[in-house]
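Structural features, examined
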Amino acid sequence: MPRPPLDALIDDLYYLEGAPPYARLTLPPTLAALLIVNLGAPFRIRAGTDIETAEYADGCVITMPTRAYEFGYPVPTRSVGVHLKPWGLAPFLPMPAVELCDRPVTMEQAWGRAAATELRDRLATADAPQEMLTLLEEELIRRLYETAGLGLVRHTSRVIAAAGGAVSIGGLSVAAGVSSTHLARRFKELIGVTPKRLARTCRFTATVFAIDLAGPIDWGELAGDAGYFDQAHFGHECREFTGLTPTRYLAVRRRFLREHPGHAMDGWPLPAD
């Protein structure tokens with residue numbers, strides 16, 4: 001877990017090594033951004049079915065996505081990464097987050113070749129995972145800079161999350177004392193998406209994480225409890241966020257749980273094979 005002031009931006013830093021549970025994993029959109037420093041063979045990312053797969057050798061930076069990504073991991077894989085809050089990447093980016101929405105970039109593109117190479121070399125030669133995490137944390141603290149509008153976006157995002165996405169966007173701007181246009185602009189600058197899109201993602205993730213994988217599912221009741229118009233509305237959202245129907249999504253989640261019980265990645269990544 002990061003120490004202050006990073007704890008207001010980051011959920012956790014992690015070290016990943018070994019064989020992935022599946023060669024290809026689908027990552028549906030969630031309330032997080034991601035920074036990965038790759039220390040092994042290149043991995044591959046496909047940011048949507050209409051986009052070609054790209055290789056990432058030094059790592060990548062991903063703002064909060066609006067579509068499912070497909071990750072192709074080398075075997076073995078080795079990397080150091082950061083799970084950030086939706087607004088957490090903004091103080092480390094040289095460009096507005098909206099420019100990277102659903103467009104992962106390499107570490108070199110984000111921080112420059114010299115900085116990316118130096119950090120990667122330092123991490124690769126560290127003695128142990130804990131030292132790697134400390135080095136990455138220190139690099140992030142060194143790069144941290146003041147970001148206009150961060151307090152507004154952070155507070156509003158937390159209000160949205162606390163309500164499970166069931167909020168009035170107009171009400172949010174009134175409560176914040178700004179226009180809806182200003183609020184949307186700040187969100188796109190710092191997160192990459194509008195407050196409305198953040199709320200949709202929040203509601204969907206809260207809904208599917210609440211599913212009891214061990215029991216039967218009443219999809220109509222689930223949709224109603226989550227505030228969707230009806231079962232068809234939830235089904236549309238499920239297909240948009242995951243590329244799968246609700247029943248297929250449930251089957252894939254159960255497959256992961258059955259084949260890799262207790263795995264650290266169980267919960268959100270889905271087998272793509």
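Above this text sits the structure in question.
What this report covers is the structure whose coordinates are included nearby. (Residues numbered from 1 in each chain as written. Predicted model: local features only at pLDDT ≥ 70, side-chain atom pairs only at ≥ 80, totals over all residues. Heavy atoms only, no water.)

Moving on, we get to the packing of helix H2 (residues 113-124) against helix H3 (residues 129-143). At a closest axis distance of 9 Å, the pairing of H2 and H3 adopts a crossing angle of 155 degrees. Judged by the inter-axis angle, H2 sits roughly antiparallel to H3. Contacts between H2 and H3 pair Ala115, Leu119, Arg122 and Leu123 from the former with Met132, Leu135, Leu136, Glu139 and Arg143 from the latter. Counted by class, the contact of H2 with H3 contains 6 nonpolar, no polar and 3 charged residues. (Axes fitted to C-alpha atoms, helices over the stretch in contact; angles between N-to-C directions. Helix = DSSP H or I, 4+ residues; strand = E, 2+ residues; numbered from the N terminus. Parallel < 35°, antiparallel > 145°, perpendicular 65-115°, else oblique. Contact = heavy atoms within 4.5 Å. Nonpolar A, V, L, I, M, F, W, Y, C, P; charged D, E, K, R; others polar.)

This brings us to the sheet that holds strand S6 (residues 59-62). Reading across from one edge, S1-S8-S3-S6-S9 is the order of the 5 strands in this open sheet, with antiparallel pairing throughout. Two strands bound the open sheet, and with one partner strand each, they are strand S1 (10-18) and strand S9 (105-106). Packing against the sheet, H2 makes contact with strand S3 (33-38) and strand S8 (77-84), and its axis sits at approximately 70 degrees to S3. Each of S1 and S8 is contacted by H3, which is oriented at about 140 degrees to S1, the strand it contacts most. (Pairing = 2+ DSSP bridges.)

Turning next to the sheet that holds strand S2 (residues 24-27). Spatial strand order, S5-S4-S7-S2-S10: 5 strands in an open sheet with antiparallel pairing. This sheet does not close on itself; its edge strands, each paired only once, are strand S5 (54-56) and strand S10 (270-271). Here strand S4 (residues 43-46) runs beside strand S7 (residues 69-72); their pairing, made up of 3 bridges, is antiparallel. The partner of isoleucine 45 across the bridge, within S7, is phenylalanine 71.

Judged by nonpolar contacts, the single largest core of 47 residues is most densely connected at Leu35, Leu123 and Leu140. Looking at which element gives the most residues to this core, the answer is H3, with 5 residues. Counting residues in each nonpolar core, the second largest holds 17 residues, with Tyr228, Leu244, Leu250 and Leu270 among its members. (Core = buried A, V, L, I, M, F, W, Y, C linked by side-chain atoms within 4.5 Å. Buried < 20%, exposed > 50% of the residue type's maximum accessible area, 1.4 Å probe, protein only.)

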